[in-house]
Every structure is written in C-alpha cells, then in structure tokens.
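Working through the structure, step by step
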Amino acid sequence: METRFQIGVISSTHGIRGEVKVFPTTDDPKRFKKLKEVILDTGKEELVLKIQGVKFFKKFVILKFEGYDNINDIEKYKGKSLCVERKDAVPLKKDEYFIADLTGCLVVDEEGKELGILKEVLETGANDVYVVGTPDGKELLFPAIRECIRKVDIQKQLIQVHVMPGLLD
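Please read these numbers as outputs of a predicted model, since none were measured by experiment.

Time to look at the layout of surface pockets. Its boundaries defined by the atoms lining it, the largest pocket holds a volume of some 1000 Å³. As for the largest pocket, its lining consists of 32 residues, and the residues nearest its centre are Asp 27, Leu 92, Glu 96, Tyr 97 and Phe 98. At the level of secondary structure, the elements contributing two or more residues to the lining of the largest pocket comprise β1 (4–14), α2 (99–102), β8 (114–123), β9 (128–133) and β11 (149–153). Element by element, the count of residues in the lining of the largest pocket is highest for β11, at four residues. Looking at the lining of the largest pocket, its residues break down into 18 nonpolar, three polar and 11 charged. Counted as a void, the second largest pocket has a volume near 250 Å³. The wall of the second largest pocket is formed by 13 residues, among which Arg 31, Lys 34, Leu 35, Asp 88 and Ala 89 lie closest to the centre.

Counting across every chain of the model gives three aromatic pairs. On the numbers, 6.3 Å between centres and 70 degrees between planes, the contact of Phe 23 with Phe 60 is edge-to-face. Here the residue Phe 23 occupies a position in strand β2 (residues 19–24), and Phe 60 occupies one in strand β5 (residues 60–65), the gap between them amounting to 37 residues. Take Phe 60: its relative accessible area is 18%, and that puts it in the buried class. For the cation-ring pair, Lys 30 lies above Phe 56, with the distance from its terminal atom to the ring centre recorded as 4.2 Å.

Quick notes on the rules
Residues numbered from 1 in each chain as written. Predicted model: local features only at pLDDT ≥ 70, side-chain atom pairs only at ≥ 80, totals over all residues. Heavy atoms only, no water. 1 Å grid on protein atoms, 1.4 Å probe; cavity = no way out; pocket = protein on both sides within 12 Å on 5 of 7 lines; lining within 4 Å. Points joined across faces, edges and corners; volume = space filled by probe spheres on them. Helix = DSSP H or I, 4+ residues; strand = E, 2+ residues; numbered from the N terminus. Nonpolar A, V, L, I, M, F, W, Y, C, P; charged D, E, K, R; others polar. Phe/Tyr/Trp six-rings, centres within 6.5 Å; stacked < 30°, edge-to-face > 60°. Buried < 20%, exposed > 50% of the residue type's maximum accessible area, 1.4 Å probe, protein only. Lys NZ or Arg CZ within 6 Å of the ring centre and 35° of its normal.

Put into structure tokens, the structure is as follows:
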C-alpha cells in the first residue's frame, strides 16, 4: 500500500513573496486549510515544507511556506508534486478507497477467474470507472457501482467484480 498520497502539483509562482499556485489533485481542496506541512517531491529529494498560509483562487490553492519568502526561492519547484503521509490523508468512509491503493489490484470475477490488473480509475461525474488491463492487452471497463464491484480487499490486492452481460464481448 502507498504510504504517501499526492494532493497537488505546484503550477506556478504567485506574486514575488514566495507564494505558489497549486493545482489540487485531491477531492477536497479545502483540506489544505487543516494541513500544517506537506512533502515536496523535487525528483531528487523530498522536502518537508511547513505551511504558513493558504488562500483559494478559482480552481487553485495558493500556498505560502515558511522560509520561502522570495520568488527566486520557490520558482525552481514549478511542476513538482506535493504529498502527505497516509496518517494525514482524509479519512475514508465505508466502501471508499484511495485510488493509489486500488491501482495494481488483481481483478477476478465471481467464480474467481482472473480478468486482469486494475490500471487506472477514471473519475466521471456519475461514478468512477475501473480500467482493467487483460493479459491479452485489452481493456475492460467496470463502473464502480455496487452492482458491479462486489468486493474489494486492499490487503490482499484483490477486487471481485460481477461481469455484466455483454461486457466481455
């Protein structure tokens, strides 16, 4: 299981005082208000940054980090990911899962026949869709609804699905 989750990507600087514009990759951008620190993945190292200020502008979150008071201090981090430890992640409700935990799970039908590996989760308006890569290189799409997704066991990395008529044709 993943120990860290990406919650945003620094898209650009904001002003000249070290603030950054962050594109949130979390379902709840307001969660930034409750965070005290984030982990910046520079690609070469990981830096723990203490959050000094949070504002919201359109679809972006504007963050100010302690010790970064100049545009030149922070500009080099454009395009880099901001993460949190699992312990700081948003608590999940019953039958909710982190996408990072679902990706890579073996997908089987109700008889236990292996269908493939969950490659990605498409987030649509109505419900998520699980994209399963089959051994022969095809993709199967399963809507993440109770009628289709029967059982998820993150510990065993296993998802059991009901194959609706016509899905495998």
